[in-house]
Structures are given as structure tokens and as C-alpha cells.
Amino acid sequence: ATVIFDGQPPAPEMITLTGDPKCVSENGGPQRADERIVVGDNQSLQNVFVYVKDGLGSFGFPIPSAPVVLDQDKCRYTPRVLGVRVGQTLQVHNSDPLLHNVRSNGVINQAFNKSTPLEGVSFNHTFATKEVMVPFKCDVHGWMSAYVGVLDHPYFGTTAQDGKVVLANLPPGTYTVGAWHETLGTRTQQVTIAAKESKDVSFSFAR
């Protein structure tokens, strides 16, 4: 799938890293660019969560044993947008030499609120049911945001700087593919895949 931004990309707003001198030190200054809308070369749109929304029926898929890692690094969540499977471990790590407070505001999944007070501290969490998307915030640093897509299958990904994501090895069938962006909304497209066939699905977002 390829995702583009339609129109003139907005100039990035600046975030003021108020209230925590350690965040200022980690970032080399009191401001940094907001990352809600990140447009790259050829209008490519980053941080769009693309996933199979419907069409897999009763297929079952083994849950990966390796965790998905959400890091807190330089007073930002990394990655900002990510996916995890129902029942798979999400490991929330703190790479900063300071206190973060992790608040998960799930609507379907149970919300939680945990602190990571020291550099190198981690905790694990598993989600009980699918939900696109679960917002994460830091109560200590109000500009910190992340979004986690929780799905019961492996066909999802987040667009990189080139605006692309690959949903590999889909069984033959007709699917609804969804694309989600934190401020620009959602899009869906239907696609039919034959055996050993690949198709490029394009999404366009505008303000």
C-alpha cells in the first residue's frame, strides 16, 4: 500500500518542551518539530496505520512470541504508531534518564496507567481484544503521544518515510483494507487478491 498527502504539506508546528529541563537537555534545546503530520518526498505520508479490516473470516494465526517494543526516547514515543497482536506482549521501555508516566486510554481494552521512573525500566502488557487504535499519553509530558493498533491477525503495518507498507502473504480473497491517521482520519478500499498475486493499494489524505 502507498499513502500520500494531497495538497501543500503543512509547515511543522513547534512543540515547547516545558516543565522538564531533562527533556530540554535530551533534545538539545527547548523546542522540536511536532510529528502529527510527517510528509516526505513525493508527498509520502508517514505514520499511517494500514491493516486488513475485514475479509479474513475464520482464519486463525499463531501469536508471535517476540514482543513489540514501544520506547520512550528523548521525551517522545518511538515508534509513534505501531501494531501488536491480541495476546502478544507489548513491552514499554524507558530509555530516558527521567520519569515517564504511561497512560493507555483504550475504549474496548481496559485502560491502564503505569510509571516508568528510571532509565532502563520496562513493563509488559497484553491486550485482550482487537481495537484500532489505542491512544497512549504521558501524564508528565503532555506532548507525548503514541497509537497502538491491536489486531487478531498479522496483516498490518505503519507507513515509513516513503509512505509505503507491505501486507505480505495474504491468502487469496476479497478484503477491506483500512488506513488510519491520527489527525487526518480514516480511509478504506476493497481489494481482491488471487493466489500468488500482489497489488498496490493507494490511499490519499488531505487536511
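Residues numbered from 1 in each chain as written. Predicted model: local features only at pLDDT ≥ 70, side-chain atom pairs only at ≥ 80, totals over all residues. Heavy atoms only, no water.

A. Inspection of the sheet that holds strand 4 (residues 49-54) at higher detail. Here we have four strands laid out as an open sheet, ordered 14-4-15-16, and antiparallel in their pairing. Looking at which strands have only one partner, the edges of the open sheet turn out to be strand 14 (156-158) and strand 16 (185-193). For this sheet the average axis-to-axis angle between neighbouring strands, irrespective of direction, equals 25°. (Pairing = 2+ DSSP bridges. Helix = DSSP H or I, 4+ residues; strand = E, 2+ residues; numbered from the N terminus. Axes fitted to C-alpha atoms, helices over the stretch in contact; angles between N-to-C directions.)

B. Here's a closer look at the pairing of strand 11 (residues 122-125). Across the two faces of strand 11 the burial differs, with Phe 123 and His 125 buried and Ser 122 and Asn 124 not buried at all. Note: strand 8 (residues 90-94) against strand 11, four bridges, orientation antiparallel. From the neighbouring strand, His 93 faces strand 11, where its bridge partner is Ser 122. (Buried < 20%, exposed > 50% of the residue type's maximum accessible area, 1.4 Å probe, protein only.)

C. Structural view of the environment of Val 165. Tracing the backbone shows Val 165 in the loop between strand 14 and strand 15 (173-181). Taking the C-alpha atoms as reference points, Val 165 and Glu 13, 152 residues apart in sequence, are found 26 Å from one another. When near neighbours in sequence (up to four residues on either side) are disregarded, Val 165 contacts Ala 1, Val 50, Gly 157, Thr 158 and Thr 159. (Contact = heavy atoms within 4.5 Å.)

D. Fine view of the packing of aromatic side chains. If you walk through the whole model with that rule in mind, you get seven aromatic pairs. Look at Phe 59 and Phe 61: their rings are 6.2 Å apart centre to centre, the planes differ by 35°, and that puts the pair in the tilted class. Ring centres of Tyr 147 and Trp 180 lie 5.2 Å apart, and the angle between their planes is 50°; this geometry places the pair in the tilted category. Taken together, the residues span a long stretch of sequence, with Tyr 147 in strand 13 (residues 145-151) and Trp 180 in strand 15 at a distance of 33 residues. Using a relative accessible area of 16% as the deciding quantity, one classes Tyr 147 as buried. With a relative accessible area of 14%, Trp 180 lands in the buried category. A connected cluster of aromatic rings, assembled from ring pairs, spans Phe 49, Tyr 51 and Phe 156. (Phe/Tyr/Trp six-rings, centres within 6.5 Å; stacked < 30°, edge-to-face > 60°.)

E. Quick look at the side chain of Arg 85. Inspection of the secondary structure assignment puts Arg 85 in strand 7 (residues 81-85). The side chain of Arg 85 sits in the buried core without any salt bridge; Asp 152 is the nearest counter-charge, 6.7 Å away. Of note is the side chain of Arg 85, whose polar atom sits 3.1 Å from the backbone oxygen of Pro 62. Beyond its immediate chain neighbours, meaning those up to four positions away, Arg 85 contacts Phe 61, Pro 62, Ile 63, Pro 64, Val 150, Leu 151, Asp 152, His 153, Pro 154 and Phe 156. (Lys, Arg positive; Asp, Glu negative; His and termini not counted. Salt bridge = Lys/Arg side-chain N within 4 Å of Asp/Glu carboxyl O. Polar contact = N/O pair within 3.5 Å; in protein donor to acceptor, adjacent residues only side chain to side chain.)

F. Molecular detail of the state of the cysteines. In the structure shown here, the tally under the stated rule is one disulfide. Covalent S-S linkage joins Cys 23 and Cys 75, the inter-sulfur distance amounting to 1.9 Å. Since a negative S-S torsion denotes a left-handed disulfide, the Cys 23-Cys 75 link at about -85° is left-handed. Of this pair, Cys 23 sits in helix 1 (residues 21-27) while Cys 75 sits in the loop between strand 5 (68-72) and strand 6 (77-78); the two residues are 52 residues apart in sequence, bridging distant segments of the chain. Take Cys 23 and Cys 75: they sit in the same class, and that class is buried. In this structure Cys 138 is a free cysteine whose sulfur lies 7.8 Å from that of Cys 75, the closest cysteine sulfur available. (Disulfide = S-S within 2.5 Å.)

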